[in-house]
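Each chain, letter by letter, is given below.
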Amino acid sequence: MTETITGGCQCGRIRYTATIDDRDAYLCHCRMCQRATGGVSIAFKNLPKASVEWETDPDWYESSPIARRAFCSQCGTPLGFEFPDSDKMDITVGSIDDPFGFVPKHHFGSESLHEAWLDTRSLTRYRADEYEPVVRRWKEKVGKLPD
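A quick note: this is a predicted structure, and the numbers were derived from the prediction, not measured. (Residues numbered from 1 in each chain as written. Predicted model: local features only at pLDDT ≥ 70, side-chain atom pairs only at ≥ 80, totals over all residues. Heavy atoms only, no water.)

A regular strand places its side chains on the two faces of the sheet in alternate fashion. For strand β3 (residues 24-28) and strand β4 (residues 42-48), the ladder comprises three bridges, and the chain directions are antiparallel. Along β4, the bridge assignment pairs Tyr-26 with Phe-44. With five bridges connecting them, β4 and strand β9 (residues 88-92) associate as antiparallel partners. Directly across from Lys-45, in β9, lies its bridge partner Ile-91. (Pairing = 2+ DSSP bridges. Helix = DSSP H or I, 4+ residues; strand = E, 2+ residues; numbered from the N terminus.)

Strand order in this open sheet of three strands is β1-β2-β5, and the pairing throughout is antiparallel. Taken across any chain shown, the strands that pair with only one partner, and hence form the sheet edges, are β1 (3-8) and β5 (52-54). Each neighbouring strand pair of the sheet contributes to a mean axis angle of 20°, computed without reference to strand direction. Pairing of strand β2 (residues 15-20) with β5, which is carried by three bridges, proceeds in the antiparallel orientation. Note on β5: the bridge partner recorded for Thr-17 is Glu-53. (Axes fitted to C-alpha atoms, helices over the stretch in contact; angles between N-to-C directions.)

Once that is clear, we can look at the side chain of Ser-63. With respect to the helices, strands and loops of the structure, Ser-63 is situated in strand β6 (residues 59-64). On the basis of relative accessibility, which here comes to 14%, the residue Ser-63 falls in the buried class. Apart from residues no more than four positions distant in its own chain, Ser-63 is found in contact with Met-32, Arg-68 and Arg-69. (Buried < 20%, exposed > 50% of the residue type's maximum accessible area, 1.4 Å probe, protein only. Contact = heavy atoms within 4.5 Å.)

What follows is the structure in structure tokens.
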């Protein structure tokens, strides 16, 4: 069963629509992705390049001699990854408008995986919409919390 998803960068300059067959995703832990995102891993949805339609072309960073990464040069949002000689690419799960329901099916780049970040169920959880300093700042600037 195919489904159409939409997504884009934080500032809204770059938007895309994609057709997917499932909500399978994966986590990449390779050092290139860690450096490109500033995180310990990144969640990707792999799909055919032909199924992605960019409303505005993303900016591209040649992150290595064999790969490049789609991003927004205005706000910095990482949007994707591709090998130019492949017919497939990855879209960042975080850039999808409704990322809920995507499920990681495997890890990649496990040689650089940070085990302590995998199972965080025992950590205390704080909600941003209940944290007074953040709520106050949003209300002072725009009158409400972000959607």
